[in-house]
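Each chain, written out:
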Amino acid sequence: MIMDHGRGVLQYAPTTTTSRFNSPSQTIGAIVRGFKSAVTKRINSLRGTPGQPVWQRNYYEHIIRDERSLHHIQQYVDNNPQRWHMDRYNLEAKGQDAFDPRLEGIA
């Protein structure tokens, strides 16, 4: 997690087993929605702010099609917190993160 957003890689593996974490639709949207809901409840419980919004309404997804793309994205996710001072969403950013254009180029 970064100051204002989170990044991660999901690996989809269809399953026929059931658990309390299964979504009937099994879509990426359902997974993200469930994650955001659970985290929001926990954050609001810790802050004593029930019902307060925590997340932006949308999210960005990208399908990783090969090992090269996966490697670049894993590097980006792993190193992202150290680059917060250059993040385009940081209102006090100093400089520009050279990795952003490289990541967008493999999309």
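Residues numbered from 1 in each chain as written. Predicted model: local features only at pLDDT ≥ 70, side-chain atom pairs only at ≥ 80, totals over all residues. Heavy atoms only, no water.

Caption draft 1: Fine view of the overall build of the protein. A count of helices and strands for the protein gives three helices and zero strands. Ordered by position in the sequence, the α and β elements of the protein form the string α-α-α. Taken over 107 residues, the protein has a buried fraction of 21%. Of all intrachain contacts in the protein linking residues separated by at least 6 positions in sequence, the fraction that spans at least 24 positions is 47%. If you sum the accessible surface of the protein, you get close to 8,900 Å²; carbon and sulfur atoms cover 55% of it. (Helix = DSSP H or I, 4+ residues; strand = E, 2+ residues; numbered from the N terminus. Buried < 20%, exposed > 50% of the residue type's maximum accessible area, 1.4 Å probe, protein only. Contact = heavy atoms within 4.5 Å. Areas by Shrake-Rupley, 256 points an atom, 1.4 Å probe, with all protein chains shown as cover.)

Caption draft 2: Summary view of the packing of aromatic side chains. Applying the stated criterion across every chain, the model contains one aromatic pair. Note on Phe35 and Trp55: the rings are 6.0 Å apart at their centroids and 55° apart in plane angle, and the pair reads as tilted. Residue Phe35 is found in helix 1 (residues 28-47), and its partner Trp55 is found in the loop between helix 1 and helix 2 (67-79); the two are separated by 20 residues along the sequence. (Phe/Tyr/Trp six-rings, centres within 6.5 Å; stacked < 30°, edge-to-face > 60°.)

Caption draft 3: The arrangement of helix 2 in detail. In this model helix 2 runs 18 Å from its N-terminal to its C-terminal C-alpha over 13 residues, within 8% of the 18 Å that 1.5 Å per residue would give. What helix 2 keeps buried is the set Ser69, His72, Ile73 and Tyr76. The arc enclosing the buried residues of helix 2, seen along the axis, measures out at 95°, which places them on a common side. Facing away from the buried side of helix 2, by more than 90 degrees, are the exposed residues Glu67 and Asp78. Measuring from the backbone nitrogen of Arg68 back to the side-chain oxygen at the start of helix 2 gives 3.3 Å, which picks out Asp66 as the cap. (Expected span 1.5 Å × (residues − 1). Arc of directions from axis to C-beta. Polar contact = N/O pair within 3.5 Å; in protein donor to acceptor, adjacent residues only side chain to side chain.)

Caption draft 4: Layout of helix 1. Here helix 1 spans 28 Å end to end across 20 residues, near enough to the 28 Å set by a 1.5 Å rise per residue. Listed in full, the buried residues belonging to helix 1 are Gly29, Ala30, Val32, Lys36, Val39, Thr40 and Asn44.

Caption draft 5: Structural detail: the confidence of the model for the protein. For the protein, the mean per-residue pLDDT works out to 79, and 79% of the residues sit at or above 70. Within the protein, the element-level pLDDT minimum falls on helix 3 (residues 99-105), averaging 62, and the maximum on helix 1, averaging 90. (pLDDT = per-residue confidence, 0-100.)

Caption draft 6: Highlighting a nonpolar patch on the surface. A cluster of nonpolar side chains, contributed by Leu10, Tyr12, Ile28, Ile31 and Tyr59, occupies part of the molecular surface with about 490 Å² of accessible area. With respect to the element layout, Ile31 can be found in helix 1. (Patch = residues over 30% accessible without salt bridge, like charges linked within 9 Å, V, L, I, M, F, W, Y side chains within 5 Å. Salt bridge = Lys/Arg side-chain N within 4 Å of Asp/Glu carboxyl O.)

Caption draft 7: Expanded view of the environment of Tyr12. Residue placement: Tyr12 occurs in the segment before helix 1. Between the alpha carbons of Tyr12 and Gln26 there is a distance of 9.4 Å; along the sequence they are 14 residues apart.

Caption draft 8: Focus on the environment of Gln96. Positionally, Gln96 belongs in the loop between helix 2 and helix 3. A relative accessible area of 65% means that Gln96 is categorised as exposed. Here the alpha-carbon distance between Gln96 and Met86, two residues ten residues apart in the chain, equals 5.2 Å.

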